[in-house]
Amino acid sequence: MDARPTAQLTDDDWLRVFSEADALGISFILLAGGEPMLRKDVIQAAGKRQNILFPIFTNGTFLNEAYLELFDKCRNLVPIMSIEGGKENTDARRGRGIYELLIRNMEKLQARGLVFGASVTVTTQNIREVTSDAFLKELSGRGCKAVIYVEFVPVTEESRELAPGDAEREYLKAELKRMRQELPEMVYVSFPGDEKSSGGCVAAGRGFFHINSHGGAEPCPFSPYSDTNVRDTSLKEALNSGLFRALRENGHLLEDHAGGCVLNEKRELVESLLALSLHS
Ligand code: SF4
């Protein structure tokens with residue numbers, strides 16, 4: 001939900017956002033989509049900001065020679081490819097032939113000595129496979145250096161059964177502990193699972209925030225509400241938007257919740273804070 005839906009940000013808009021981020025000392029910008037590799041000019045602009053590390057969350061289907069050249073030249077661009085387990089689970093969720101394509105991509109990246117990672121959407125269906133030694137050793141053997149686990153967040157009633165519950169979250173937590181000890185050749189990040197150890201929800205500028213493709217500054221991709229557009233304001237002003245301040249200053253980000261995503265669980269509260277901010 002954007003305060004003022006507008007056209008997509010242009011390449012120049014993104015260039016300005018990256019420059020402002022650099023000036024503010026931001027050192028980590030995650031590019032995600034949709035499919036970020038459809039915006040090659042944006043990625044080229046990111047490559048020029050060598051003070052900032054840009055993990056690029058991609059489905060991998062646009063990784064061609066030109067991109068490999070670019071990644072080789074600009075080592076601050078790190079592709080993170082979506083994979084959902086082995087061939088069966090990956091092709092079922094991402095499309096037929098995608099698993100083989102990802103394996104070929106990994107071979108090309110490894111041949112150039114490029115750092116890359118994998119992003120896994122964790123569901124009740126694939127959780128055992130994507131935490132198994134067989135899966136992780138396969139990735140590691142192909143040169144993968146990081147695995148990012150993202151808990152599936154249901155957007156429809158029908159998909160609710162795929163969302164990890166308490167039992168799965170406990171399982172993932174225990175598996176992450178084991179992996180970090182037994183398979184230390186890769187880095188493991190769990191989102192939002194690791195937030196407990198980093199002091200709660202880090203959205204709304206507490207640790208990061210999200211800019212959607214139209215420029216709306218949102219607390220987090222899992223909380224897509226916005227009262228400010230970076231097309232009209234500086235990044236610094238966006239960080240202090242009414243909605244972000246209301247979330248940060250009233251302790252909402254630290255409140256107890258059933259697990260998973262606190263702001264997703266408190267959607268009604270976020271909507272009321274958004275309305276207040278828009279009408280103040
Ligand atoms: S909004 Fe949800 S997913 Fe985003 S940082 Fe907060 S708890 Fe994590």
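What counts, and at which threshold
Just so you know, the residues in each chain are numbered from 1, in the order the chain's sequence is written. Owing to the predicted nature of the model, reporting of local features is limited to residues with pLDDT of at least 70; listing and counting of side-chain atom pairs is limited to 80 or more, with chain, interface and lining totals taken over all residues. The split of the chain into domains comes from an automatic or database domain assignment. Two residues qualify as being in contact provided that their C-beta atoms, derived from the backbone, are within 7 Å of each other. Three residue categories are used. Nonpolar comprises Ala, Val, Leu, Ile, Met, Phe, Trp, Tyr, Cys and Pro, charged comprises Asp, Glu, Lys and Arg, and polar comprises the others, including Gly. Think of each axis as a best-fit line through the C-alpha atoms, taken over the contacting stretch in the case of a helix, with angles from 0 to 180 degrees between the N-to-C directions. Secondary structure elements are taken from DSSP: a helix is a run of H or I of four residues or more, a strand is a run of E of two residues or more, and numbering for both begins at the N terminus. Orientation categories follow fixed angle ranges, with anything under 35 degrees roughly parallel, anything over 145 roughly antiparallel, 65 to 115 roughly perpendicular, and all other angles oblique. Less than a right angle of anticlockwise turn of the near helix away from the far helix marks a crossing as left-handed, whereas a clockwise turn marks it as right-handed. Two strands qualify as a pair provided that DSSP identifies no fewer than 2 bridges between them. What a helix is expected to span follows from its residue count: subtract one and scale by 1.5 Å. To sort residues by burial, count the other C-beta atoms lying within 10 Å of each one's C-beta; a count of 20 or more means buried, 12 or fewer means exposed, and anything in between means partly exposed. C-beta atoms are built from the backbone. The directions from the helix axis to the C-beta atoms are what the arc is built from.

**With respect to the domain arrangement of the protein chain**
Argument step 1. Once the domains are mapped, the protein chain shows domain 1 (31–191) and domain 2 (210–279).
Argument step 2. On a C-alpha basis, the centres of domain 1 and domain 2 stand 26 Å from each other.
Argument step 3. Every contact between the two is made by five residues of domain 1 and, on the other side, six residues of domain 2.
Argument step 4. When its residues are assigned to classes, the side of domain 1 that touches domain 2 shows one nonpolar, one polar and three charged.

**Brief notes about the packing of helix 1 (residues 11–24) against helix 2 (residues 40–48)**
Argument step 1. The N-to-C vectors of helix 1 and helix 2 enclose an angle of 25°; their axes lie 9 Å apart at closest approach. By the angle between their axes, helix 1 is roughly parallel relative to helix 2. Crossing hand, helix 1 versus helix 2: right-handed. Where helix 1 approaches helix 2, its residues D11, W14, L15 and F18 are matched on the opposing element by D41, V42, A45 and A46.
Argument step 2. Among the residues forming the contact of helix 1 with helix 2, the class breakdown is six nonpolar, no polar and two charged.

**Examining the sheet that holds strand 3 (residues 116–122)**
Strand pairing in a sheet relies on backbone hydrogen bonds, with the paired strands running either antiparallel or parallel.
Argument step 1. Read from one edge to the other, the open sheet built from five strands follows the order 1-2-3-4-5, with strand pairing classed as parallel. Edge positions in the sheet fall to strand 1 (54–58) and strand 5 (187–191), since each has one partner strand and no second. Going from strand to strand, the sheet's axes swing by 25° on average, the running direction of each strand aside.
Argument step 2. Taken together, the five bridges between strand 4 (residues 144–151) and strand 5 define a ladder with parallel strand orientation. Following the sheet pairing, Y149 is matched in strand 5 by S190.

**Regarding the environment of L70**
Argument step 1. Secondary-structure assignment places L70 in helix 3 (residues 65–73).
Argument step 2. Expressed as a C-alpha distance, the spacing of L70 and I43, which sit 27 residues apart in the sequence, is 9.0 Å.

**Focus: helix 5 (residues 98–111)**
Argument step 1. Relative to the 20 Å expected for 14 residues at 1.5 Å per residue, helix 5 spans 20 Å between its end C-alpha atoms, a close match to the ideal helical length.
Argument step 2. Among all positions of helix 5, only I98, Y99, L102, N105, M106 and L109 are buried. Each buried residue of helix 5 sits inside an arc of 115° when the element is viewed along its axis, so together they form one side. Structural note: helix 5 exposes E100, R104, E107 and A111 on the side pointing more than 90 degrees away from its buried face.
Argument step 3. Of the surrounding secondary structure, the elements contacted by the buried residues of helix 5 are strand 2 (77–82), helix 4 (87–94), strand 3 and strand 4.
Argument step 4. Taken from the residues just after helix 5, G113 is the one with a positive phi, measuring 70°.

**Thoughts on the environment of L101**
Argument step 1. The residue L101 is located in helix 5 in this model.
Argument step 2. L101 sits in the partly exposed class, given 18 other C-beta atoms within 10 Å.
Argument step 3. Distance from L101 to T61, taken between C-alpha atoms, is 7.4 Å for residues 40 residues apart in sequence.
Argument step 4. With near-sequence residues (within four places) excluded, L101 lies in contact with G60 and T61.

**Digging into the environment of E138**
Argument step 1. Structurally, the position occupied by E138 is in helix 7 (residues 133–141).
Argument step 2. What makes E138 partly exposed here is the crowd of 15 C-beta atoms within 10 Å.
Argument step 3. Between the alpha carbons of E138 and I103 there is a distance of 9.9 Å; along the sequence they are 35 residues apart.

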